[in-house]
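What follows is each chain in one-letter form.
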Amino acid sequence: MSDLPLRSQLAVALGRTAAKMSRLAGKGDGSVIGGKVGLKLDPELLTRLAKDRKLVLVSATNGKTTTTRLITSAMTPLGEVATNAFGANMPTGHVSALASAPGARYGVLECDEKYVPMVLRETGANVVALMNLSRDQMDRAAEIWLLAGKWRKALEASPQSHVIANCDDPLVTWGASTARSVTWVAAGQHWREDSWCCPECGGPLDRQDTDEDSDWRCRQCHFARPRPDWVLKGDQVTAPDGRMFPLTQLALPGRANKSNAVIALAVVAQFGVPPEQALPLLGEVRSVAGRYTTVEHENRHIRLLLSKNPAGWLEAFDVLEPAPGPVALSINAQGPDGRDTSWLWDVDYRILRGRPVWVTGERRVDLAARLEAAEVPFTIVDDIEQAVMAVPPGKLDVIANYTAFQNIRTRYGRVV
């Protein structure tokens, strides 16, 4: 830190002070305000803090916070790793993360999809991990084809960056295909409703799924799934050298986290950490910023699941307790969530039939209308506590979008 210009040192110091005051005031961990103050005083602070570090950027619509945590855990044998572990994934959060670990040679930064070009330009990241793209916060992030197009331009202008990309997602493949160096990972694509058309020419994509492999290709042009270097199949990962590794040590539940894990393995392999060393470290991650955590309240075991968009709800349904286990759903529509809740109609809620369902949150009426259309019986309540206390002592899964999740997490005890 001492080799920073005096102005940058002052920016870091004042940013830390602002972050500390934010924490003392109970306004969060201070990552955003600390970085905001730092960048206000030194607009080039991110570039200066990134200099001489080996950096990974992790971006996706779903799973980037979890994958960032997994990569960070698996890279611990290399030494201290700077990271924005709790989801402050814009430049302000990146500045705070790097400033808080001045001696860290490595950095793993979760990056909002929209900010990938800017952050890549300012940091020159060594590795960029791209996992999935689907509709999310359309009022803020715009059309996902536009995002993928911006990724293409950014990667073409960053030849030093090696890309780890999920080749099972056609839009991610298109976004990554201009990179000079790519490791392709067959990590799966569970939500396909946003990728039926070829991003190259607009023609239809033909898909073929077998027990041995999955494939896709455009019917009208050359665009097709690349041959993967890493392959996830069920609970097993095949590395580029042909060796196979079970994911039985993974503590995080569901198929989405298997996808996150294989991306993490591919990333850390770029830094010389082999799968046999990385896998036990991935297994040490049991909760990510409160996700998947079970909290105890009045003899209820409340498991918290975050879902922000249709793809995320599909993954949350995948890890629910078996029916007739009860579930509470909470929806807000504040700035971080996106104001438009019309995406609720893209989620197939029929899977919840046969369960006791409670609905709450600021936009509970919107969600109730959707459940009624899906013929899912529900009880609408004003507050999550009403749902919790309506359940007999035992297990309750709670699925919430971003601000609703944070409110519930704070209410029942913030956990990492």
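Residues numbered from 1 in each chain as written. Predicted model: local features only at pLDDT ≥ 70, side-chain atom pairs only at ≥ 80, totals over all residues. Heavy atoms only, no water.

Formally: UniProt positions are given in the numbering used here, feature names are shortened, and annotations may be inferred rather than shown by experiment.
Going by an unreviewed UniProt entry, the protein chain carries the name Lipid II isoglutaminyl synthase (glutamine-hydrolyzing) subunit MurT and comes from Actinomadura rudentiformis. On record in UniProt, under Pathway (unreviewed entry), the comment for the protein chain is "Cell wall biogenesis; peptidoglycan biosynthesis." Taken directly from UniProt, the Function (unreviewed entry) text for the protein chain runs: "The lipid II isoglutaminyl synthase complex catalyzes the formation of alpha-D-isoglutamine in the cell wall lipid II stem peptide. The MurT subunit catalyzes the ATP-dependent amidation of D-glutamate residue of lipid II, converting it to an isoglutamine residue."

Focus on the overall build of the protein chain
To be explicit about the condition: Helix and strand labels come from DSSP, where a helix needs a run of H or I of at least four residues and a strand needs a run of E of at least two; each type is numbered from the N terminus. C-alpha atoms define the radius of gyration in this analysis, and the globule rule sets the expected value at 2.2 Å times the number of residues to the power 0.38. Between buried and exposed lies partly exposed: a residue is buried under 20% and exposed over 50% of the maximum accessible area for its type, with that area taken using a 1.4 Å probe on protein chains only.
From N to C terminus, the protein chain includes 15 helices and 17 strands. For 416 residues, the compact-globule formula gives about 22 Å, and the C-alpha radius of gyration of the protein chain, at 21 Å, lands near that figure. Principal-axis analysis of the C-alpha atoms places the extent of the protein chain at approximately 60 × 55 × 40 Å. The buried share among the 416 residues of the protein chain stands at 55%.

Things to note about the domain arrangement of the protein chain
Which entries qualify depends on this criterion: How far each domain reaches was decided by an automatic or database domain assignment. Summed over both partners, buried area is the accessible surface (1.4 Å probe) that two parts give up on being assembled. Criterion for a salt bridge: a side-chain nitrogen of Lys or Arg within 4 Å of a carboxyl oxygen of Asp or Glu. Polar contact criterion, stated in full: a pair of N or O atoms within 3.5 Å, where within protein one must be able to donate a hydrogen and the other to accept it, and residues adjacent in sequence count only if both atoms are side-chain atoms. All amino acids are sorted into three groups, where Ala, Val, Leu, Ile, Met, Phe, Trp, Tyr, Cys and Pro are nonpolar, Asp, Glu, Lys and Arg are charged, and the leftover types, Gly among them, are polar.
Split into domains, the protein chain comes out as domain 1 (11–39), domain 2 (44–283) and domain 3 (294–412). In this structure, domain 2 and domain 3 have C-alpha centres spaced 28 Å apart. For the domain 2 and domain 3 pair, buried surface summed over both sides reaches about 1300 Å², with 49% attributable to carbon and sulfur atoms. Glu 315 serves as the salt-bridge partner of Arg 255, at 3.7 Å between the closest nitrogen and oxygen. Linking domain 2 with domain 3 are three residue pairs in polar contact (both at pLDDT 80 or more), by the criterion used here. Looking at the side of domain 2 that touches domain 3 residue by residue, the class counts come to three nonpolar, six polar and five charged.

Comments concerning the packing of aromatic side chains
The geometry of an aromatic ring pair is captured by the separation of the ring centres together with the interplanar angle, meaning the angle of the planes. For clarity, the cut-off: Ring pairs shown here join Phe, Tyr and Trp side chains whose ring centres sit within 6.5 Å, with only the six-membered ring taken for Trp; geometry is labelled stacked below 30 degrees between planes, edge-to-face above 60, and tilted in between.
Under the defined criterion, the tally for this structure stands at six aromatic pairs. Ring geometry for Trp 216 and Phe 223: centres 5.0 Å apart, planes at 45°, overall tilted. Both residues of the pair, Trp 216 and Phe 223, belong to the buried class. Each ring, one from Trp 313 and one from Trp 343, has its centre 6.5 Å from the other, and the planes form 45°; the classification is tilted.

Quick look at the sheet that holds strand β15 (residues 357–360)
Two modes of strand pairing occur in sheets, parallel and antiparallel, and in both the strands are linked by backbone hydrogen bonds. Test applied: If DSSP finds at least two bridges between two strands, the strands pair.
Sheet architecture is open: six strands sit in the order β12-β13-β17-β14-β15-β16, paired in mixed fashion. Either end of the sheet is taken by a strand with one partner, and the two such strands are β12 (294–297) and β16 (379–380). Judged from the seven bridges that link them, strand β13 (residues 300–306) and strand β17 (residues 394–400) form a sheet pairing that is parallel. By the bridge assignment, Leu 304 is partnered in β17 with Val 398.

Description of the nonpolar core
Convention followed: Buried residues of nine kinds, namely Ala, Val, Leu, Ile, Met, Phe, Trp, Tyr and Cys, make up a nonpolar core once their side-chain atoms join them within 4.5 Å. Contacts were defined at the residue level, with two residues in contact if any of their heavy atoms lie within 4.5 Å.
With 47 residues, the main nonpolar core has Leu 49, Leu 98, Leu 130 and Val 163 as its most contacted residues. Here this core takes six residues from helix α8 (residues 144–156), the largest share from any one element. Counting contributing residues, this core receives three or more from each of domain 1 (11–39) and domain 2 (44–283). Contacts of Val 163, omitting those with residues within four sequence positions, involve Val 128, Leu 130, Leu 155, Ala 176, Ala 179, Ser 181, Val 182 and Thr 183. Judged by nonpolar contacts, the second largest core, of 39 residues, contains Ala 60, Phe 245, Leu 252 and Leu 279.

Remarks on the environment of Thr 360
Position of Thr 360 relative to the elements: it lies in strand β15. Under the relative-accessibility criterion, Thr 360 is labelled buried at 3%. In the structure, Thr 360 is positioned 76 residues away from Glu 284 in sequence and 33 Å away in space, judged by C-alpha atoms. Sequence-distant contacts of Thr 360, defined by excluding residues within four places in its chain, comprise Leu 329, Ser 330, Ile 331, Val 381, Asp 382, Asp 383 and Ile 384.

Some points on the pattern of salt bridges
Following the criterion strictly, the structure yields 20 salt bridges and no others. Arg 353 is paired through a salt bridge with Glu 375; the nearest N and O atoms lie 3.7 Å apart. Highlighted residues: Arg 353 in the loop between β14 (327–330) and β15 and Glu 375 in the loop between α13 (364–373) and β16, separated in sequence by 22 residues. For Arg 353, a relative accessible area of 39% puts it in the partly exposed group.

Section: the sheet that holds strand β10 (residues 236–238)
For the record, the criterion: Axis definition: a line fit to C-alpha positions, over the contact stretch in the case of helices; interaxial angles, taken between N-to-C directions, run 0 to 180 degrees.
The mixed open sheet is built from nine strands, whose spatial order is β2-β3-β1-β4-β5-β6-β9-β10-β11. Each edge of the open sheet carries a strand with a single partner, namely β2 (81–83) and β11 (244–246). Sheet twist, expressed as the average angle between the axes of neighbouring strands with direction ignored, equals 15°. When β10 meets β11, the two strands line up antiparallel, connected through three bridges. Note on β11: the bridge partner recorded for Val 237 is Phe 245. Contacting β1 (54–59), β2 and β3 (106–110), helix α5 (residues 91–99) runs over the sheet at an angle of about 155° to β3. Running over the sheet, helix α6 (residues 116–123) touches β1 and β4 (127–130) and is turned about 175° from β1.

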